[in-house]
Amino acid sequence: MGNQKPRRASEILSAKKKAVLRFLLLQVFFSIFTALGIFFIAGGLYGYSFILGALSSIIPSMFMAWRMFGKKGTQPAKEMVRTFYRGEASKLAMTVCLLSLVFLLIKPLSAGAFFAGFGIAILSHWLSPILLRNA
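Please read all numbers here as calculations on a predicted model, not as lab measurements.

Colleague: What is the right way to look at the packing of helix α2 (residues 44-69) against helix α4 (residues 111-123) in this model?
Modeller: Packed helix pairs are specified by the crossing angle of their axes together with the interaxial distance, meaning the distance between the axes. Direction vectors running N to C along α2 and α4 enclose 35°, while the axes themselves pass 6 Å from each other. In this structure, α2 meets α4 at a crossing whose hand is right-handed. Residues Tyr-46, Ser-49, Phe-50, Leu-52, Gly-53, Ala-54, Ser-56, Ser-57 and Ile-58 of α2 pack against Ala-113, Phe-114, Ala-116, Gly-117, Phe-118, Ile-120, Ala-121 and Ile-122 of α4. Tallied by class, the residues present in the contact of α2 with α4 amount to twelve nonpolar, five polar and no charged.

Colleague: Is there a simple way to think about the UniProt feature "transmembrane region" (unreviewed entry) in the chain in this case?
Modeller: UniProt feature "transmembrane region" (unreviewed entry): in the numbering of this structure it lies at residues 20-42, 48-69, 89-106 and 112-132. From the first C-alpha to the last, residues 20-42 spans 32 Å; its make-up is 100% helix and 0% strand. Overall, residues 89-106 shows 94% helix and 0% strand. The separation of its end C-alpha atoms is 25 Å.

Colleague: How do you make sense of a nonpolar patch on the surface when you look at a structure like this?
Modeller: Side chains of Leu-21, Leu-25, Phe-29, Ile-32, Phe-33, Leu-36, Phe-39 and Phe-40 sit close together on the surface and give an oily, nonpolar patch of about 840 Å² of accessible area. The class for Phe-29 is partly exposed, based on a relative accessible area of 46%.

Colleague: Where do I start with the packing of aromatic side chains in this structure?
Modeller: Aromatic rings considered in pairs are described by the distance between their centres and by the relative angle of their planes. Here the structure, examined in full by the defined rule, presents six aromatic pairs. Where Phe-103 meets Phe-114, the ring centres are 5.0 Å apart and the plane angle is 80°; that geometry is what we call edge-to-face. Separated by eleven residues along the polypeptide, Phe-103 in helix α3 (residues 77-105) and Phe-114 in helix α4 bring together distant segments of the chain. Relative accessible area serves as the criterion here: at 0%, Phe-114 is assigned to the buried category. Aromatic ring contacts, followed pair by pair, group Phe-103, Phe-114 and Phe-115 into a single cluster.

Colleague: Looking at this model, I keep getting lost on the packing of α3 against α4. Mind explaining?
Modeller: Between α3 and α4, whose axes approach to 12 Å, the crossing angle comes to 160°. The orientation of α3 with respect to α4, classified from their angle, is roughly antiparallel. In the crossing of α3 with α4, the sense of the turn from one axis to the other is right-handed. Here Thr-95, Leu-99, Val-102 and Phe-103 of α3 come into contact with α4, specifically with Ala-111, Phe-114, Phe-115 and Phe-118. Its residues assigned to classes, the contact of α3 with α4 comprises seven nonpolar, one polar and no charged.

Conventions we followed
Residues numbered from 1 in each chain as written. Predicted model: local features only at pLDDT ≥ 70, side-chain atom pairs only at ≥ 80, totals over all residues. Heavy atoms only, no water. Axes fitted to C-alpha atoms, helices over the stretch in contact; angles between N-to-C directions. Helix = DSSP H or I, 4+ residues; strand = E, 2+ residues; numbered from the N terminus. Left-handed = near helix turned anticlockwise from the far one by under 90°. Contact = heavy atoms within 4.5 Å. Nonpolar A, V, L, I, M, F, W, Y, C, P; charged D, E, K, R; others polar. UniProt positions renumbered as here; feature names shortened; annotations may be inferred. Patch = residues over 30% accessible without salt bridge, like charges linked within 9 Å, V, L, I, M, F, W, Y side chains within 5 Å. Areas by Shrake-Rupley, 256 points an atom, 1.4 Å probe, with all protein chains shown as cover. Salt bridge = Lys/Arg side-chain N within 4 Å of Asp/Glu carboxyl O. Buried < 20%, exposed > 50% of the residue type's maximum accessible area, 1.4 Å probe, protein only. Phe/Tyr/Trp six-rings, centres within 6.5 Å; stacked < 30°, edge-to-face > 60°. Parallel < 35°, antiparallel > 145°, perpendicular 65-115°, else oblique.

If you want it as structure tokens, here you go:
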């Protein structure tokens, strides 16, 4: 193990912020490049339906990250838990609103491509422990 000095809470928080930001950016770039590939292979309807589905998951995730890491400095654990639960509830409500708005306002829409984008963006969260493990 060695003689490593324990890291301060602010250093750990800063590292986690950077790791979450990296993951979100990776998620956005992956979704955009996949949508572009779908756009050129299957057509514009499927490409924009895919990206709308992915963004319906990614935008609430970005909001949650901002809620958790938007404040300067560290917070007491009780306040962090409270912020987490509020952020998660807001994220769920925002996801429902975005899904509803897309289906109400965007015509034509390929439901299959839309839900493929949404599902892939959600499944990519399973990769976050692997990508964030070194932070």
